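Structure assessment
Listed here are the chains, written in short residue letters.
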Amino acid sequence: MEKMDVFALVDELQEEIEMSPTKGFSKSKLVDQKIVMEIIEDIKAALHEELDFAKKVASERDQILKSADIQAEEIVRRAKKEAEAMIKQEEITQAACEKANKLIENSRAKAGEIKKMANTYAEEVLDELETFYRESIDLVGENKARLYAKMNSEQKAPSEN
């Protein structure tokens with residue numbers, strides 16, 4: 001299925017309304033209900049695709065965070081296991097403790113970085129989606145206002161004659 005551009009579909013809807021013939025001597029438009037409904041359904045589908053994409057991004061972020069937690073736990077587990085093995089050797093007990101602590105600290109730092117990067121990525125994608133939807137809603141509002149203004153002016157025009 002080809003990705004649909006909501007703005008292009010709104011433009012198509014506007015063009016369909018503007019290009020529709022007028023009814024008799026009035027300025028009322030006769031729109032092809034089937035075409036208009038198809039365009040509206042396409043707009044719904046496009047918005048649904050964008051929402052699904054946002055859900056997918058959020059799900060991927062959750063998976064990245066879960067994976068980071070698992071990796072961190074594994075790194076900590078290995079570090080602890082390595083530390084225990086080193087402690088058994090009396091000559092290097094002190095070195096083993098220092099190395100284990102560094103590994104744990106580095107593991108936690110790396111896990112924190114991975115989580116931070118995943119959250120930043122998810123935030124950027126969600127910010128872009130939020131901007132897109134705000135622009136879409138603003139455009140729909142503007143088109144509605146123009147349509148209502150046009151309908152009002154057309155309704156007033158015949159009574160003035």
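One can find the structure itself at the top, above this paragraph.
Right, let's walk through the structure included here. (Residues numbered from 1 in each chain as written. Predicted model: local features only at pLDDT ≥ 70, side-chain atom pairs only at ≥ 80, totals over all residues. Heavy atoms only, no water.)

What to know about the overall build of the protein
If you tally the helices and strands in the protein, you get three helices and zero strands. Start at the N end of the protein and walk to the C end: the helices and strands fall as α-α-α. Expected size for 161 residues packed as a compact globule is a radius of gyration near 15 Å; at 30 Å, the protein overshoots this value by more than 25%. With the C-alpha coordinates aligned to their principal axes, the bounding extent of the protein is approximately 105 × 30 × 15 Å. Each of the 161 residues in the protein was classed as buried or not, and the buried ones make up 21%. Residue pairs in contact within the protein that sit at least 24 positions apart in sequence constitute 69% of those at least 6 positions apart. If you sum the accessible surface of the protein, you get close to 12200 Å²; carbon and sulfur atoms cover 55% of it. Both charge centroids of the protein, one from 26 positive and one from 36 negative side chains, sit 4 Å from each other. (Helix = DSSP H or I, 4+ residues; strand = E, 2+ residues; numbered from the N terminus. Rg over C-alpha atoms; globule rule 2.2 N^0.38 Å. Buried < 20%, exposed > 50% of the residue type's maximum accessible area, 1.4 Å probe, protein only. Contact = heavy atoms within 4.5 Å. Areas by Shrake-Rupley, 256 points an atom, 1.4 Å probe, with all protein chains shown as cover. Lys, Arg positive; Asp, Glu negative; His and termini not counted. Charge placed at Lys NZ, Arg CZ, Asp CG, Glu CD.)

Comments concerning the environment of A111
Along the chain, A111 falls in helix 3 (residues 93-160). Look at A111 and you get buried, because its relative accessible area is 9%. For the pair formed by A111 and V57, sequence separation is 54 residues and the distance between their alpha carbons is 20 Å. Residues contacting A111, with those up to four places away along its chain left out, are A68 and A72.

Examining the nonpolar core
Most often, soluble globular proteins keep nonpolar side chains buried together rather than apart. V6, L9, V10, L13, V36, I39, I43, A46, F132 and L139 form the largest nonpolar core, which has 10 residues in total. Taken together, the elements giving at least two residues each to this core come down to helix 1 (6-19), helix 2 (33-87) and helix 3. In this structure V6 touches I43, A46, L47, F132 and S136, once residues within four positions along its chain are discounted. (Core = buried A, V, L, I, M, F, W, Y, C linked by side-chain atoms within 4.5 Å.)

A word on the packing of aromatic side chains
Any pair of aromatic rings gets described here by the distance separating the centres and the angle formed by the planes. Summed over all chains, the structure comprises two aromatic pairs. For the pair F7 and F132, a centre-to-centre distance of 5.7 Å together with 85° between the ring planes defines the contact as edge-to-face. On the criterion of sequence distance, the pair formed by F7 in helix 1 and F132 in helix 3 is long-range, its members being 125 residues apart. Judged by relative accessible area, which is 19%, F132 ranks as buried. Summarising the aromatic geometry, the rings of F132 and Y133 are spaced 5.4 Å apart at their centres and angled 70° between planes, so their arrangement reads as edge-to-face. (Phe/Tyr/Trp six-rings, centres within 6.5 Å; stacked < 30°, edge-to-face > 60°.)

Describing the side chain of S20
Tracing the backbone through its elements, the reader meets S20 in the loop between helix 1 and helix 2. Given the relative accessible area of 6%, S20 is considered buried. Looking at S20, its side chain comes within polar contact range of the main-chain oxygen of E16, at 2.6 Å. Non-local contacts of S20, meaning those with residues more than four positions away in its chain, are made with K29, L30 and V31. (Polar contact = N/O pair within 3.5 Å; in protein donor to acceptor, adjacent residues only side chain to side chain.)

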